[in-house]
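Observations on the model geometry
Given next are the chains, with one letter for each unit.
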Amino acid sequence: MAGGLDELKVEFIDQDESVQVVADTVGSSGEIPERYVRAEMEADPVINDADGHSLPVIDLSRLINPEFSKEEIAKLGSACEDWGFFQLVNHGVDGGLLQQIKDDITEFFRLPLQEKMAVAIPPNGLQGFGHHFVFSKEQKLDWVDLLFLSTRPIDERNMDFWPTNPPTFRGSLDKYSLEIANVSAKLFKFMAINLGVDEEALLGTFKGQPQNVRINHYPPCRQADKVLGLSPHTDGVGMTLLLQVNDVQGLQIRKDGSWFAVKNLPGALVVNVGDVLEILTNGKYKSIEHRAVINPDKERITIAAFQSAPLSCTVGPLQELLMKGEACYKTVDGVEFTKGYFAAKLEGRRFLESLKLGV
Ligand code: OGA
Ligand code: NI
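Fair warning: this is a prediction, and the values are worked out from it, not measured in the lab.

Mapped onto this numbering, the UniProt entry annotates "domain: Fe2OG dioxygenase" (unreviewed entry) at residues 209–309. Regarding residues 209–309, the helix share stands at 6% and the strand share at 43%, and the terminal C-alpha atoms are separated by 7 Å.

See the structure below:
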């Protein structure tokens, strides 16, 4: 994505209410507006991490260490194939920086609505404070307010949407963005080794390391099982690195037909394979459906950093992998891919499935 993100017009319609304001109103009246009520929530079985299926944990310091690298790369490969998700520990991102960005984000969402609206998403825009994927006045709405910003390449940032309050926000997001880009470049490199492809072939697709961040603020809801923070979806990018800003859990991922509730290890980043990486690897790595649920008492804040392919690239299975078998996905250009992703209304794997060949 990124690269001319502002030129990429999307057909979202305005959602003029802040979910925080709705949540405050529900807090006193007890009645959730119909547009946020999700009937499907009750029927879905959820597996908790405590049930024994633990999400794979990948250690970046072991990936880098020649003594353990081979073993850890194999683990990384299995995690991407079997789960499409893993927790990344010893990622090397400075603890002080993590604390600073967490504080800044928390402070931003605490500002009065009017101040947050200074960076509101404009009509047909993507960047800023507001909502994504609202297409009609009838559809169900997610219980979340977000701040979406294009962070890399640096010269394509649109500072109009970067909050100036708190004053440290811009500096910490700038530093965080670089750290995450560096971590993801390392991961792509080890993935290339695992896939047996030329490192440049994989990294080349993510040239310039386009990165967007989606900062999610999920207000609490006493009837949490009636609402959904983020509808089931896959990420239309290469890879996503998610940081929990506070210690409230809520991420659930599809695993063998059930929802698996991720228990985020303190300090770890939750990394997932996006649609672009599934396509590049011709289906070897999996872009897994995930969603976010709401806590009855506590707000939840996360920051998802999306490492994307530039709009100028082509998205298709890597040539080197096609020597071993037929292409399972169509090849499309970056603009077509990104437009298609946004038009597919965040409905699970629908868009990705539409790019599959021979099914
Ligand atoms: C996302 C996402 C999950 C979460 O922003 O794409 O999946 O737990 N977020 O906030
Ligand atoms: Ni996501």
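Once that is clear, we can look at the pattern of salt bridges. Pairing between side chains of opposite charge can happen when the charged atoms of each approach one another. Under the definition given, this model contains 9 salt bridges. Salt-bridge contacts for arginine 62 lead to glutamate 71; the nearest nitrogen and oxygen are separated by 3.2 Å. A salt bridge links glutamate 299 to arginine 110; the nearest nitrogen and oxygen atoms lie 3.1 Å apart. Here the residue glutamate 299 occupies a position in the loop between β12 (290–292) and β13 (300–307), and arginine 110 occupies one in helix α4 (residues 95–110), the gap between them amounting to 189 residues. Judged by its relative accessible area of 59%, arginine 110 is exposed.

Another point: the environment of glutamate 138. One can find glutamate 138 in the loop between β4 (128–130) and β5 (145–152). Overall, the relative accessible area of 67% leaves glutamate 138 in the exposed class.

With that settled, the discussion passes to the packing of helix α3 (residues 69–82) against helix α6 (residues 169–195). Where α3 meets α6, the axes come as close as 9 Å, and the angle between the chain directions of the two elements is 90°. Classified by the angle their axes make, α3 and α6 are roughly perpendicular. Residues Ser69, Ile73, Ala74, Leu76, Gly77, Cys80 and Glu81 of α3 lie in contact with α6, whose contacting residues are Leu187, Phe190, Met191, Ile193 and Asn194.

Attention now goes to the site of ligand 1. Taken together, 13 residues are adjacent to ligand 1, and Tyr218, His233, His290, Arg300 and Thr302 come closest. Within the contact set of ligand 1, an oxygen atom lies 2.6 Å away from a side-chain nitrogen or oxygen of tyrosine 218. Aspartate 235 has a polar side-chain atom sitting 3.3 Å from an oxygen atom of ligand 1. More than half of the atoms belonging to ligand 1 lie within 2 Å of the grid points that define the largest cavity. Broken down by secondary-structure element, the contributors of at least two residues to the shell around ligand 1 are β6 (211–218), β7 (230–233) and β13. Taken together, the residues that form the shell around ligand 1 break down as 6 nonpolar, 4 polar and 3 charged.

Right, let's talk about unusual backbone geometry for a bit. Following arginine 152, the chain continues into proline 153 via a peptide bond in cis, with omega recorded as -5°. Along the chain, asparagine 165 connects to proline 166 via a cis peptide bond; the corresponding omega equals 0°. One can find proline 166 in the loop between β5 and α6. At asparagine 124, a position not held by glycine, the phi torsion is positive, near 65°. Topologically, asparagine 124 is positioned in the loop between α5 (113–116) and β4. The residue asparagine 282 is not glycine, and still its phi comes out positive at about 55°.

Before going further, it helps to spend a moment on the coordination of the nickel ion (ligand 2). Between any two of four tetrahedral donors, the ideal angle at the metal is 109.5 degrees; between two of six octahedral donors, it is 90 or 180 degrees. The protein atoms donating to the nickel ion (ligand 2) are His233 (NE2), Asp235 (OD) and His290 (NE2), with metal-donor distances spanning 2.1 to 2.2 Å. Between consecutive donor residues of the nickel ion (ligand 2), the sequence gaps follow H-x1-D-x54-H. The residues histidine 233 and aspartate 235 share a single accessibility class, namely buried.

Enumeration over the complete set of coordinates arrives at 10 aromatic pairs. Ring centres of phenylalanine 108 and phenylalanine 129 lie 6.0 Å apart, and the angle between their planes is 75°; this geometry places the pair in the edge-to-face category. Residue phenylalanine 108 is located in helix α4, and its partner phenylalanine 129 is located in strand β4; the two are separated by 21 residues in the primary sequence. Under the relative-accessibility criterion, phenylalanine 108 is labelled buried at 1%. Centre to centre, the rings of tyrosine 341 and phenylalanine 351 are 6.5 Å apart; their planes meet at 75°, and the pair counts as edge-to-face. Taken together, the positions of tyrosine 341 in helix α10 (residues 334–343) and phenylalanine 351 in helix α11 (residues 350–354) put the pair 10 residues apart, joining distant regions of the chain. Exposure class is identical for tyrosine 341 and phenylalanine 351. Each is buried. Put simply, the rings of Phe108, Phe109, Phe129 and Phe169 touch in pairs and so form one group of aromatic residues.

In this section: the sheet that holds strand β8 (residues 239–244). Strands sit in the order β2-β3-β11-β8-β13-β6-β5-β4 across an open sheet of 8 strands; the sheet is mixed. Single-partner strands in this sheet number two, and they are β2 (57–59) and β4. Put simply, the sheet's adjacent strands are angled 25° from each other on average, direction ignored. Summarising the sheet, β5 and β6 pair through 7 bridges and their orientation is antiparallel. Note that in β6 the partner of leucine 149 across the bridge is valine 213. Taken strand by strand, α4 contacts β4, β5, β6, β8 and β13, and its axis lies near 115° from that of β13.

Each value, and the rule that gives it
- Residues numbered from 1 in each chain as written.
- Chains lettered and ligands numbered in written order.
- Predicted model: local features only at pLDDT ≥ 70, side-chain atom pairs only at ≥ 80, totals over all residues.
- Heavy atoms only, no water.
- UniProt positions renumbered as here; feature names shortened; annotations may be inferred.
- Helix = DSSP H or I, 4+ residues; strand = E, 2+ residues; numbered from the N terminus.
- Salt bridge = Lys/Arg side-chain N within 4 Å of Asp/Glu carboxyl O.
- Buried < 20%, exposed > 50% of the residue type's maximum accessible area, 1.4 Å probe, protein only.
- Axes fitted to C-alpha atoms, helices over the stretch in contact; angles between N-to-C directions.
- Parallel < 35°, antiparallel > 145°, perpendicular 65-115°, else oblique.
- Contact = heavy atoms within 4.5 Å.
- Near = heavy atom within 4 Å.
- Polar contact = N/O pair within 3.5 Å; in protein donor to acceptor, adjacent residues only side chain to side chain.
- 1 Å grid on protein atoms, 1.4 Å probe; cavity = no way out; pocket = protein on both sides within 12 Å on 5 of 7 lines; lining within 4 Å.
- Sits in = over half its atoms within 2 Å of the grid points.
- Nonpolar A, V, L, I, M, F, W, Y, C, P; charged D, E, K, R; others polar.
- Donors = N, O, S within 2.8 Å, 3.2 Å for Na, K, Ca; no water.
- Phe/Tyr/Trp six-rings, centres within 6.5 Å; stacked < 30°, edge-to-face > 60°.
- Pairing = 2+ DSSP bridges.

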